[in-house]
Amino acid sequence: MTVSVVQFGGSNCDRDAVRALRHLGIDAERVWHEDGLPAEPDGIVLPGGFSYGDYLRAGAMAARAPVMEEVREAAESGVPVLGVCNGAQIGSESGLTPGAFTTNASARFQCEPVHLRVERADTPWTAAYDEGDTIEVPIAHGEGRFEIEADAHDELVAENRVLFRYCDETGAVTDAANPNGSTDNVAGVLGERETVAVLMPHPERATLPDVATSTDGAGMLEAFA
Ligand SMILES: NC(=O)CC[C@H](N)C(=O)O
């Protein structure tokens, strides 16, 4: 297994993702988007950053890069794909996952640790947790507010595709624990296949014990092991 971490102009969490994965014993390589994915990718990370300077909307331009067609094909054939922060924005902009990530309710860039409630423990991304667990993972975004039309939201909930919700340290999902005004406190969702997931918080920043106050994010990356 070699995870391909796709780098766009303006990505800035690609090295962090590679380091966190390697720390967990998972082989990972950065792939410059113009070079394309390996013929048979084993796993894909769309990392965080400011691809194309967040022009138009965060993730909007990267979502239209030719490599995303390869990512879509790989996702459709069951290759695990994880979008983190800007990667989540690219995932939603490219239609891999439902909804959109828009400007935070605060209209400010927010960089802080948050708590997440694990809503599903039966997916590759959350097998290391129990359903209802509270984990601590940092956010760092200006456009992280999850927005979705009411019908699509109902469908998302009915299909049990909400992976994480923002909560307080006791696990209570409240408005006060919602850092960016996301609909229904949604922090991460599954694609049509549960092998595709995106989330705004950064698991790779909560994996290495020497750079983080929490290593709760490691469980998500272990999906690639
Ligand atoms: N850390 C990130 O990936 C940031 C994503 C994006 N640039 C935003 O501010 O919302």
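Above this text you will find the structure in question.
Residues numbered from 1 in each chain as written. Predicted model: local features only at pLDDT ≥ 70, side-chain atom pairs only at ≥ 80, totals over all residues. Heavy atoms only, no water.

> Tell me about the pattern of salt bridges, residues and numbers included.
Scanning the entire structure with this criterion turns up 12 salt bridges. Here R165 makes a salt bridge to E119, at a shortest N to O gap of 3.1 Å. In this pair, R165 is assigned in strand β9 (residues 162-167) and E119 in the loop between β6 (110-118) and β7 (134-141), connecting sequence segments 46 residues apart. For the pair formed by R165 and E119, the shared burial category is buried. Notably, a salt bridge pairs R120 with D122, separated by 2.7 Å at the nearest N-O pair. The buried category is assigned to R120, whose relative accessible area is 9%. Through salt bridges with shared partners, a single ionic network connects R117, E119, R165 and D184. (Salt bridge = Lys/Arg side-chain N within 4 Å of Asp/Glu carboxyl O. Helix = DSSP H or I, 4+ residues; strand = E, 2+ residues; numbered from the N terminus. Buried < 20%, exposed > 50% of the residue type's maximum accessible area, 1.4 Å probe, protein only.)

> Summarise the nonpolar core; cite the residues concerned and give the values.
Grouped together as the largest cluster of nonpolar side chains are 42 residues, with contacts concentrated most on L21 and F164. Membership of the second largest hydrophobic core comes to 18 residues, among which are V6, F8, L46 and M68. (Core = buried A, V, L, I, M, F, W, Y, C linked by side-chain atoms within 4.5 Å.)

> Got a sec to walk through the side chain of N185? Specific residues and values, please.
Structurally, N185 is set in the loop between β9 and β10 (186-190). By relative accessible area, which is 4% here, N185 ends up buried. Polar side-chain contacts of N185 include one of 2.9 Å to the backbone oxygen of T174. Once residues within four sequence positions are removed from consideration, N185 is found in contact with F164, R165, Y166, V173, T174, A177 and N178. (Polar contact = N/O pair within 3.5 Å; in protein donor to acceptor, adjacent residues only side chain to side chain. Contact = heavy atoms within 4.5 Å.)

> Account for a negative patch on the surface, naming residues and giving values.
A surface patch of like charges, here negative, comprises E70, E73, E76, E149, D151, D154, E155 and E192. For the negative patch, the secondary structure elements donating two or more residues are α2 (67-76) and α4 (150-158). Considering the arrangement of structural elements, one finds E149 in the loop between β8 (145-147) and α4. Residue classification places E149 among the exposed positions, given a relative accessible area of 63%. (Patch = residues over 30% accessible without salt bridge, like charges linked within 9 Å, V, L, I, M, F, W, Y side chains within 5 Å. Areas by Shrake-Rupley, 256 points an atom, 1.4 Å probe, with all protein chains shown as cover. Lys, Arg positive; Asp, Glu negative; His and termini not counted. Charge placed at Lys NZ, Arg CZ, Asp CG, Glu CD.)

> Give me the site of the ligand: which residues, what numbers.
Neighbouring the ligand are 13 residues; G49, D54, C85, A140 and G142 lie closest to it. Contact between the ligand and Q89: an oxygen atom at 2.9 Å from a side-chain N or O atom of the residue. Measuring from a nitrogen atom of the ligand, one finds a side-chain N or O atom of H202 at 3.2 Å. (Near = heavy atom within 4 Å.)

> Explain a nonpolar patch on the surface to me, using residue names and the numbers behind them.
Residues Y55, L56 and M61 make up a contiguous nonpolar surface patch of about 390 Å² in total accessible area. Turning to its location among the elements, Y55 is positioned in the loop between β3 (43-46) and α2. Of the residues examined, Y55 reaches a relative accessible area of 60% and is grouped as exposed.

> I'd like a description of the packing of aromatic side chains, backed by residues and values.
Tallying each qualifying case throughout the model produces three aromatic pairs. Geometrically, the ring pair formed by F101 and F146 is tilted, given 5.5 Å between the ring centres and 55° between the ring planes. Of this pair, F101 sits in strand β5 (residues 100-102) while F146 sits in strand β8, and the two are 45 residues apart along the sequence. This pair shows no difference in class: F101 is buried, exactly as F146 is. Here W125 and F224 contribute two aromatic rings whose centre-to-centre distance is 5.3 Å and whose plane-to-plane angle is 75°, an arrangement assigned as edge-to-face. Highlighted residues: W125 in the loop between β6 and β7 and F224 in the segment after α5 (218-221), separated in sequence by 99 residues. You'll find W125 and F224 in the same group, each marked buried. (Phe/Tyr/Trp six-rings, centres within 6.5 Å; stacked < 30°, edge-to-face > 60°.)

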